[in-house]
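Working through the structure, step by step
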Amino acid sequence: MRLIRRILYFFGQRRQATELAEEMDFHRQMLEQESGDRHAANRRMGASTLAREDARAVWFPLRLDNVLQDLRVGFRMLRRSPGFSILAILCLTLGIGANAAVFSWIEGILFRPYQLVAHQERLLAITGTARGEAGHTSISWPDFLDLQKNCTLVDSFIVTKIMGTTLSLGDRAERTIGSIVSANYFDAIGVHPILGRGFEPGEDVGSNAHPVTVIGYQLWQSRFKADPNIIGKTQRLNGIEHTIVGVAPEGFLGTFVGWGMQFWVPASMEETFEGGGYKLEDRGGRWIEAYARLKPGVTLEQAQQEISAVAKRLETDFPATNRGRGIKLWPLWQTPFNNAGTLLPTLGIMLAVVVFVLLIACANVGNLLLVRSFARRHEMTVRVAVGAGRGRLVQQLITEGMILSILAATSGLLVAHWCRHALVLLFPARGGVAMTLPGEIDWRVLALSAGVCLISTLLLGLVPALQTRKIDLAGALKSEMSGVVGGAHGKSMLRSTLVVLQVSLSFLLLVGAGLLMQSLQRIRNLNPGFSTKGVLETAVDLRGAGYDLQRAVNFNEELLDRVKALPGIESAAFARNTPLSYGSYSSSPIAVDGYQPTPDEQPSVEYNQVGPGYFSTIGIPLLSGREFTRADNETSAPVAIVNDVMVAQYWRDDDPVGKRLQVKGQWRQVIGVAKVSKYQSVRENPKPFFYLPLRQDSTPGIALNMRTHLPAETIATALAREVHTLDANLAPYEVISLQEQMDRSTSPQRVAVTLLGVLGGLALLLATIGLYAVMSYTVSQSSRELGLRMALGAGASNLLRLVVSHGLALTTAGVVLGAAAALLLTRLLGNLLFKVSPRDPVTFASAFIVMTVAAAAACFLPAWRATRTDPARILRD
Amino acid sequence: MGNDLLPGTLDMLVLSSLTRGARHGYGIAQDLKKISADVLDVGESSLYPALQRLLLNGWVTAEWGASENNRRARYYKLTAAGRKQLAAENREFARMIVAIQKVMSCA
């Protein structure tokens, strides 16, 4: 009812206003008649405009024309002091923009990572677990089918396994990434091919039974020139002709955080792309990475319960393959088998950092507003004197804060929009394929940014609004007492608090950036156990080109001879895997004479298959024995080389050369001991590892290592020519140095350092500006005191010391607070730190020095200006 | 005056004044002044916002009519809802007065 009356009032507003005026006029005339004195009548009535306003305010507490007026006044205020406005808007743009950019990354990488995929909020990652082992395992196809059959709370399970192949384009081989998927894949995620179809039920059954593929939009555009009649044509993939049955819509890049898929094949083609035989009927063959889409309203816990029950049944039904095996659901942002997991800590830290930057920016702008509110004190006083309520003043100040933060939010979102693809620039391409890490600016990011904007508005508006409480009419209309340097004035207290806050937050960020920089330095200087200089590596993908094992072995022998003959090549060797690359090593159960494993221990060690001359080429020293030669082949006695960590663990440091080692059920003779090196990651602890001769483990070598002093580009051209001579359809991958390989493997650290470095620098800049603004304002406000001191005989150096020491006192307070916070918080950097204590004194000391120098610089100019005070003029005024 | 009254009391006084028949704003002010023996001198700045509040809540209606001296004046009339509200406020007020008296007599 009240609402209806309000609406009716709103439409009759003009009439209502005249009626009210007429009514009040009548009242006034009656009073006048009664007393015969107009002034008396007016006195009794009070200020009638105000009464009219109040009467109308009953209907509309927040009046549109008030708001408009506030906006007008607000804009006028901003225009009148453009320096202030631009500085304030820039500070806030930085704060809000950085937040929006990080929100968009988190949204686009962790929460809604898959473009065009429907209902991602119900999508969960699913992996296997093994009792007693940390982390996750893959899932076998039969287990997957059982999950699909038995889980009632899940809409659909989909399999997707990332794999790569080589597409030969003329004399250039290009690494292409694709996905092995279950036949329900496209239907389940709600992605409909723009040409042709997705996969049909049954296409994921049988051994190499359905050589069909759906290609990505980009591949269709670039390689097939957007051929509209592409459906039904074939493309050779890993040696098998695949019929192209569909083209995925533009923007769909599959379901793997970090890499965009170019093509998809059904699960029946798995052995073609991954090798290792037919696995669709092998419950022990675990290769699947999968997702589950829950039914609406089902929670992760409920689904997990049901799935665990199924896993439990599988354990009892198939003990040989499933004992100790579980199945685990993960929220999308914790997906362990793609880059979500790797980026999670970095993004988490970035989120904290941008919130700090926003706080610093708000403190800075708050400070500027405070300074200005002091200057506007007279205006506020006059407004109160003519009858403005405090509420009305606060409304005006909040409107001004709102104008600032809306302008800043708009430009901040623009910044975020430009930066949404910036994250990927920090990651190097691997094997010639660039990562895709798109930010996503959707309504959720917009809403969050609006929230940030609202909070900063309140912070900004409230700081000066708090000041209006102190307005004392009588006192303020008289001239004001000037500020005192270092004096405990209420207002200067608030300003000082804000400066201390800024200094402490930037100190915290500086410490964080310093710690990460130290870690990166340590990683850079780390000796990985092989030569990083003068060794190049590349690969030729023979399986992708359809070579069988024998042909591949022959090809490699021939290529190796040609490479060794190239000018500038000192030695060259093939290996199955390059250290620190994306590929993983095989591991095998082992047995050693005289080593008795404990009952629940199943000794298992990772290994690499390497060719003759590998150790001298890559620069891993042999501690005893010899390395593999061409004589160690299929027909000779099986041999192995172990590393010193393995010797310590299984031979109790006795020299194992000449002793036996059982690998995959076969006894081999140990012929050498290699020094431990880094295998999968530079951060790993020394671990047992052994090597087998390539020729004795029926694997064609893929990684080609070359020792040379020539630059990679020179070798790349020569190598491409040699490969081309041997097979016109083949080309090598990118040729890079092992140093480059190592740098790429540390990209998460480098990304974190770069981002924290940039943001820490910005924070320092903001804090310095804040300190400078406060110091110069204090000096300008206390000119009378400074003049007096000079008149009483204080020299320039005294004044300089007075002002600078005040600034440094603020800085010290900030640094102490920041250091305390840093001692508590830097632990959260967790595994981004490498061999650096989170309380590293050197880093803290450096941050202290940087902060102090910046603060001294910020104080010096105002201090110098203080010494230029002319006492005679000041005292005369 | 008016401002010194307990919050909400003015609304109640206006309503009670209207139980004695429809009145215009000036009439209400006069009525309150007369009955309170010149203690309650309600000014425009509180009377008209109060009347707007009553209108908004639907406790009174307003109609233009002719005043005693034959001029156009806006007459306010109590509605049924207004009568009910007055009764409720009366009860609450009585309770409050008793409470205040109790407290004061202890002083």
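What you are looking at is a predicted structure, and each value in this text was computed from that prediction instead of being measured.

Things to note about the overall build of chain A
- In terms of regular secondary structure, chain A is built from 28 helices and 23 strands.
- In terms of C-alpha radius of gyration, chain A reaches 36 Å, well past the compact-globule figure of 29 Å for 877 residues.
- Its C-alpha atoms give chain A principal-axis dimensions of roughly 130 × 75 × 55 Å.
- Across the 877 residues that make up chain A, the buried fraction comes to 42%.

Re the overall build of chain B
- Per the secondary structure count, chain B includes four helices and three strands.
- Its helices and strands taken in sequence order, chain B reads α-β-α-α-β-β-α from the N to the C terminus.
- Relative to its 107 residues, chain B shows a buried fraction of 34%.
- Counting only contacts in chain B whose residues sit at least 6 apart along the sequence, the fraction spanning at least 24 positions is 53%.

Some thoughts on the sheet that holds strand β3 (residues 72-78) of chain B
Residue and element names in this part refer to chain B.
- Here we have three strands laid out as an open sheet, ordered β1-β3-β2, and antiparallel in their pairing. For this open sheet the edge positions go to β1 (23-24) and β2 (60-66), each flanked by a neighbour on one side alone.
- By the bridge criterion, two bridges tie β1 to β3 in an arrangement that is antiparallel. Opposite His24, over in β3, you have Tyr75 as the bridge partner.
- Packed on one face of the sheet, helix α1 (residues 9-19) meets β1, β2 and β3 and runs near 95 degrees to β3.

Side note on helix α19 (residues 549-565) of chain A
All names here are of chain A.
- Taking 1.5 Å per residue as the helical rise, α19 with its 17 residues ought to reach 24 Å, and the 24 Å between its terminal C-alpha atoms agrees with that figure.
- Taken together, the buried positions of α19 are occupied by Val553, Asn556, Leu559, Leu560 and Val563. Across the axial projection of α19, the buried residues extend over an arc of 135 degrees, all falling on one side. Facing away from the buried side of α19 by over 90 degrees, the exposed positions are Gln550, Asp561 and Ala565.

Regarding the interface of chain A and chain B
- At the interface, 21 residues of chain A touch 15 residues of chain B.
- Where the side of chain A that touches chain B is concerned, the elements lending two or more residues are α1 (2-11), α2 (13-35), α3 (38-45) and α4 (48-59) of chain A.
- Here the side of chain A that touches chain B is built from residues that sort into twelve nonpolar, three polar and six charged.

Quick word on the confidence of the model for chain B
- For chain B, the mean per-residue pLDDT works out to 84, and 93% of the residues sit at or above 70.
- ipTM for the predicted complex: 0.85, alongside a pTM of 0.72.

Structural notes on the pairing of strand β22 (residues 703-708) of chain A
Residue and element names in this part refer to chain A.
- Most of β22 is tucked away: five of the six residues are buried.
- One ladder, built from five bridges, connects strand β13 (residues 535-539) with β22; its direction is antiparallel. Its bridge partner being in β22, Glu537 is matched across the sheet by Asn705.
- Summarising the sheet, strand β14 (residues 569-575) and β22 pair through six bridges and their orientation is antiparallel. Paired with Ala572 across the strands is Met706, a residue of β22.

About the thresholds
- Residues numbered from 1 in each chain as written.
- Chains lettered and ligands numbered in written order.
- Predicted model: local features only at pLDDT ≥ 70, side-chain atom pairs only at ≥ 80, totals over all residues.
- Helix = DSSP H or I, 4+ residues; strand = E, 2+ residues; numbered from the N terminus.
- Rg over C-alpha atoms; globule rule 2.2 N^0.38 Å.
- Buried ≥ 20, exposed ≤ 12 C-beta atoms within 10 Å, placed from the backbone.
- Contact = placed C-beta atoms within 7 Å.
- Pairing = 2+ DSSP bridges.
- Axes fitted to C-alpha atoms, helices over the stretch in contact; angles between N-to-C directions.
- Expected span 1.5 Å × (residues − 1).
- Arc of directions from axis to C-beta.
- Nonpolar A, V, L, I, M, F, W, Y, C, P; charged D, E, K, R; others polar.
- pLDDT = per-residue confidence, 0-100.

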